[in-house]
Amino acid sequence: MAVKEIEPMKRVFLAFMLISVFILSGCRTPITLDILRPAEFDIQNASSITVMPFLTAEMLENYLMEKDLETVLVNRINNFPSVSATAKTDEKKVTEILTEELINTFTKTAYFRVIDNNPLRNDSDAADLYIIGGLSYFNSAIKAQNHKETLKNGSVRNTKYYWKTMDFEIIYQLYDTKREQVIGSQKIKYEFATEKATSPYELQPVEDVVKSPFAVLASGIIKKCQPYYEKKDIELLFHKDTRMKAASTFAENKNYKRAYKEYTDLYNKTNYFEAAYNAALLLEAQSDLSGAYQEMYELFKKTQDKRALRALKDMKNEMEQEEKLYYQSTVQTVNTEME
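Residues numbered from 1 in each chain as written. Predicted model: local features only at pLDDT ≥ 70, side-chain atom pairs only at ≥ 80, totals over all residues. Heavy atoms only, no water.

Asker: Looking at this model, I keep getting lost on the overall build of the protein chain. Mind explaining?
Answerer: Along the protein chain, the regular secondary structure elements total nine helices and seven strands. Taking all 339 residues of the protein chain together, 41% fall into the buried category. The long-range fraction of contacts in the protein chain, counting pairs at least 24 apart against all pairs at least 6 apart in sequence, stands at 73%. A total accessible area of about 20,200 Å² is found for the protein chain, and carbon and sulfur atoms account for 53% of it. (Helix = DSSP H or I, 4+ residues; strand = E, 2+ residues; numbered from the N terminus. Buried < 20%, exposed > 50% of the residue type's maximum accessible area, 1.4 Å probe, protein only. Contact = heavy atoms within 4.5 Å. Areas by Shrake-Rupley, 256 points an atom, 1.4 Å probe, with all protein chains shown as cover.)

Below you can see the structure in the form of structure tokens.
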């Protein structure tokens, strides 16, 4: 008898847990914002850029800026490994593809005026910024492996497969000609392997292997040198009051102004923490960071809720980023108008 009573209770408990999970899974309303971020490097008033040809490992150590202005690659690489003639060919191809990818990417974004890296140019054509770099080391080798396969007729077929491996490190620096100093640098290591082939003369071309990764690398370098867009997710808090759900619907439909009004009116009537919190976030969604910070600060003072404190820290960081972006954008506008 007791067993029969327990089973229904288990079913009720499981149903309750499933309902709870369902409710909690939808307790927050996500909003995605497209935010313009400042360049990571301190580009200041730069408006033009030159991408110098990337150097092989042997060329890198002794590389100097034009007219011996300064040794730009300050952390010069010593004792780089010797490479075979084939490896040198691959190495040269890698540096050419990387240089070309960077020039094309900067040209497409059109934030900077891209100046040709022709060494015979006039001094008046010198760019504000230079990207200068090369390979600190480069290794390339063709490898082979025998593959034994038993056919349906019982005979054995031996096939020899070949593939090429490459590993290298790219180092680059962003040099400011006006301040005569390096304002940013990075090192990136890569390891690649071509597809296997039955002949060492039919291996996958180097450009097919590195083209896509270098496009990703160029996009990453662009973010360090100029403002870029980034997606940011913020989450509105849930409250069981149906009026809160109505307000969140406006937010989901990107009617942030109406949603803000609904949340604010509801907070004035009910004093819900969630309503005030969401209202502040919706000011941020409308690019009113100072207003959002002020409202969240007042909410934190009143409630001492850690969620409001975390939001304040995030908003403070956003305000610092916005100030940096404003400076960069203002300088860029002035430079463009003066050209």
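Asker: What is the right way to look at helix 8 (residues 289-303) in this model?
Answerer: Working note: α-helix, 3.6 residues per turn, so residues spaced by three or four point in the same direction. Across its 15 residues, helix 8 extends 21 Å between first and last C-alpha, which sits within 8% of the 21 Å expected from 1.5 Å per residue. Every buried residue belonging to helix 8 is among L289, G291, A292, M296, L299 and F300, and all of these are buried. Taken down its axis, helix 8 places every buried residue within 165° of arc, on the same side. Q304 sits one or two residues past helix 8 and shows a positive phi near 55°. (Expected span 1.5 Å × (residues − 1). Arc of directions from axis to C-beta.)

Asker: Can you help me understand helix 6 (residues 256-270) in this one?
Answerer: Taking 1.5 Å per residue, 15 residues should reach 21 Å; helix 6 reaches 21 Å between its end C-alpha atoms and fits that length. Just past helix 6, the residue N271 takes up positive phi, approximately 70°.

Asker: What is the right way to read the pattern of salt bridges from this model?
Answerer: Any two side chains of opposite charge can pair if their charged atoms end up close together. Within the structure shown, the criterion is met by 19 salt bridges. Among the salt bridges present, the one from E96 reaches K92, with a minimum N-O distance of 2.4 Å. Of the two residues, E96 and K92 are both situated in helix 3 (residues 85-109); the distance of four residues between them amounts to about one turn of the helix. Residue classification places E96 among the partly exposed positions, given a relative accessible area of 35%. Among the salt bridges present, the one from D176 reaches R179, with a minimum N-O distance of 2.9 Å. Overall, the relative accessible area of 3% leaves D176 in the buried class. On the basis of relative accessible area, R179 is assigned to the partly exposed category, the value being 24%. (Salt bridge = Lys/Arg side-chain N within 4 Å of Asp/Glu carboxyl O.)

Asker: Can you help me understand the environment of T50 in this one?
Answerer: Turning to its location among the elements, T50 is positioned in strand 2 (residues 48-51). As for T50 and F112, which are separated by 62 residues in sequence, their C-alpha atoms are 9.3 Å apart. Setting aside residues up to four positions removed in sequence, T50 forms contacts with I115, D116, N117, A127, L129, Y130 and I131.

Asker: Please clarify how the nonpolar core should be interpreted in this entry.
Answerer: Core analysis: the biggest nonpolar cluster contains 36 residues, and I131, F168, I170 and F214 have the highest contact counts within it. Those elements that provide at least two residues to this core are strand 2, helix 3, strand 4 (129-150), strand 5 (156-176), strand 6 (181-193) and helix 4 (206-225). Top element by residues in this core is helix 4. It accounts for nine residues. Sequence-distant contacts of F214, defined by excluding residues within four places in its chain, comprise V94, I97, L98, E101, F168, I170 and Y190. In terms of nonpolar packing, the next biggest core, distinct from the first, is built from 32 residues, Y263, F273, A275 and A308 among them. (Core = buried A, V, L, I, M, F, W, Y, C linked by side-chain atoms within 4.5 Å.)

Asker: Whenever I open this one, the sheet that holds strand 2 confuses me. Can you help?
Answerer: Within a beta sheet, neighbouring strands are joined by backbone hydrogen bonds and run either parallel or antiparallel to one another. If you walk across this open sheet you meet the five strands as 3-2-4-5-6, and the pairing is mixed. Of all the strands in the sheet, just strand 3 (113-114) and strand 6 have a single pairing partner and so form its edges. Pairing of strand 5 with strand 6, which is carried by twelve bridges, proceeds in the antiparallel orientation. For I171, the partnering residue across the bridge sits in strand 6 and is K187. (Pairing = 2+ DSSP bridges.)

Asker: What should I look at first to understand the packing of aromatic side chains in this one?
Answerer: To describe a pair of aromatic rings, you give the distance between the ring centres and the angle between the ring planes. Taken as a whole and assessed by the stated rule, the structure comprises nine aromatic pairs. Judged by centre distance (6.3 Å) and plane angle (75°), the ring pair of F168 and F214 falls under edge-to-face. With F168 in strand 5 and F214 in helix 4, this pair connects stretches of sequence that are 46 residues apart. Accessibility classification places F168 together with F214 in one group, the buried group. Ring plane angle 70° and centroid distance 5.8 Å describe the contact between Y190 and F214, whose orientation is recorded as edge-to-face. Taken as a pair, Y190 in strand 6 and F214 in helix 4 lie far apart in primary sequence, 24 residues in all. Comparing Y190 with F214 shows no difference in burial state: the two are buried. Put simply, the rings of F138, F168, Y190, F192 and F214 touch in pairs and so form one group of aromatic residues. Just above the ring of W163 sits the side chain of K196; from NZ or CZ to the centre is 4.8 Å. (Phe/Tyr/Trp six-rings, centres within 6.5 Å; stacked < 30°, edge-to-face > 60°. Lys NZ or Arg CZ within 6 Å of the ring centre and 35° of its normal.)

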